[in-house]
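Chain by chain, the residues:
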Amino acid sequence: MKFLFLNGPNLNLLGLREPDIYGTRDYAALEDFIRRTCEEEGVECEIFQSNHEGVLVDKIQLAYGQFDGIVINPAAYTHTSVAILDALKAVAIPAVEVHLSDVSSREAFRQVSYAGMACVQTYAGLGFEGYAAAARFLKKYLSQNEKV
Ligand code: DQA
């Protein structure tokens, strides 16, 4: 099984950006955490971050036929991007949405998730652990939905 982890804008500034909301660990620590989780779960992974919507769309398109699952934190694009929603729907790779913070208890504009409409599950407010929960969920989901 091979999973693509996609992170959207400003997540490269983890540790620096609003540490009271996103924590003090940096993006390299998140990458380490994801890699360790995938090793433990016995799944292959690629991790990618971009501040650009079209680059994220390109990466989702290129995932077609290459990855079994996608874990995506579209960051601010969660709340604005129909293009990312459409890309996820187009490739139809099972995807799980992750947010470090509990978006449901934040500003009104964070209550809409376009990408989430194409995802089979969402984890929010669990910090780094949300990515591990997403990987474990996807692994189980894919095993249960294996074609015979
Ligand atoms: C975020 C939540 C988004 O609302 C925000 O724009 C982000 C990060 C999170 O991980 O909690 O950049 O996706």
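Structure shown above.
The rules behind each value
Residues numbered from 1 in each chain as written. Predicted model: local features only at pLDDT ≥ 70, side-chain atom pairs only at ≥ 80, totals over all residues. Heavy atoms only, no water. Salt bridge = Lys/Arg side-chain N within 4 Å of Asp/Glu carboxyl O. Helix = DSSP H or I, 4+ residues; strand = E, 2+ residues; numbered from the N terminus. Polar contact = N/O pair within 3.5 Å; in protein donor to acceptor, adjacent residues only side chain to side chain. Contact = heavy atoms within 4.5 Å. Expected span 1.5 Å × (residues − 1). Buried < 20%, exposed > 50% of the residue type's maximum accessible area, 1.4 Å probe, protein only. Pairing = 2+ DSSP bridges. Axes fitted to C-alpha atoms, helices over the stretch in contact; angles between N-to-C directions. Core = buried A, V, L, I, M, F, W, Y, C linked by side-chain atoms within 4.5 Å. Near = heavy atom within 4 Å. Areas by Shrake-Rupley, 256 points an atom, 1.4 Å probe, with all protein chains shown as cover. Nonpolar A, V, L, I, M, F, W, Y, C, P; charged D, E, K, R; others polar.

**Digging into the pattern of salt bridges**
Part 1 of the argument: Applying the stated criterion to the full structure yields five salt bridges.
Part 2 of the argument: Measuring nitrogen to oxygen at the nearest pair gives 3.3 Å for the salt bridge that ties Lys139 to Glu41. Linking Lys139 in helix H5 (residues 129-144) with Glu41 in helix H2 (residues 27-41), this pair joins segments that are 98 residues apart in sequence.
Part 3 of the argument: A salt bridge links Lys59 to Glu46; its shortest N-O distance comes to 2.8 Å. In this pair, Lys59 sits in helix H3 (residues 53-62) while Glu46 sits in strand S2 (residues 44-49), placing the two residues 13 residues apart along the sequence.

**With respect to the side chain of Ser50**
Part 1 of the argument: Structurally, the position occupied by Ser50 is in the loop between S2 and H3.
Part 2 of the argument: Here the side chain of Ser50 touches His52 through a polar contact of 2.9 Å, landing on its backbone nitrogen.
Part 3 of the argument: Among residues more than four places away in sequence, those in contact with Ser50 are Asn7, Gly8, Pro9, Val55 and Leu56.

**Here's the deal with H5**
Part 1 of the argument: Spanning 16 residues, H5 covers 23 Å between terminal C-alpha atoms, matching the ideal 22 Å at 1.5 Å per step.
Part 2 of the argument: Taken as a whole, H5 has its buried residues at Gly130, Tyr131, Ala132, Ala133, Ala134, Ala135, Leu138 and Leu142.
Part 3 of the argument: Elements that come into contact with the buried residues of H5 comprise strand S1 (2-7), H2, strand S3 (69-73), strand S4 (95-99) and strand S5 (121-124).

**Description of the sheet that holds S4**
Two pairing modes exist for strands in a sheet, parallel and antiparallel, and in both the strands are linked by backbone hydrogen bonds.
Part 1 of the argument: Strand order in the open sheet formed by five strands is S2-S1-S3-S4-S5, and the pairing between neighbours is parallel. The open sheet is flanked by S2 and S5, the only strands paired with a single partner. Each neighbouring strand pair of the sheet contributes to a mean axis angle of 15°, computed without reference to strand direction.
Part 2 of the argument: Bridge count between S1 and S3: five bridges; the pairing is parallel. Across the sheet, Asn7 pairs through a bridge with Asn73, a residue of S3.
Part 3 of the argument: Seen against the sheet, H2 touches S1 and S2 and runs at an angle of roughly 160° to S2.
Part 4 of the argument: On the sheet, H5 packs against S1, S3, S4 and S5 and is oriented at approximately 155° with respect to S3.

**Some points on the side chain of Ser101**
Part 1 of the argument: Considering the arrangement of structural elements, one finds Ser101 in the loop between S4 and S5.
Part 2 of the argument: Those residues within four positions of Ser101 in sequence are excluded, and the remaining contacts are Ile21, Tyr22, Arg106, Ala124 and Gly125.

**Notes on the nonpolar core**
Part 1 of the argument: Counting residues in each nonpolar core, the largest one holds 26 residues, and the members touching the most others are Phe5, Leu14 and Tyr131.
Part 2 of the argument: Leave out the neighbours within four places in its chain, and Tyr131 touches Phe5, Asn7, Leu11, Leu30, Ile34, Val71, Asn73, Val98 and Leu100.
Part 3 of the argument: In terms of nonpolar packing, the next biggest core, distinct from the first, is built from 20 residues, Phe67, Leu85, Val91 and Ala118 among them.

**Regarding the site of the ligand**
Part 1 of the argument: Taken together, the neighbourhood of the ligand is formed by Arg17, Tyr22, Asn73, Ala75, Ala76, His79, His99, Leu100, Ser101, Val103 and Arg110.
Part 2 of the argument: The contact in question runs from an oxygen atom of the ligand to an N or O atom on the side chain of Asn73, over 2.8 Å.
Part 3 of the argument: At 2.8 Å, a side-chain N or O of Arg110 approaches an oxygen atom of the ligand.
Part 4 of the argument: With the chains in place, 98% of the 320 Å² that the ligand exposes on its own is no longer accessible.
Part 5 of the argument: Here the residues of the shell around the ligand are counted per class, giving five nonpolar, four polar and two charged.

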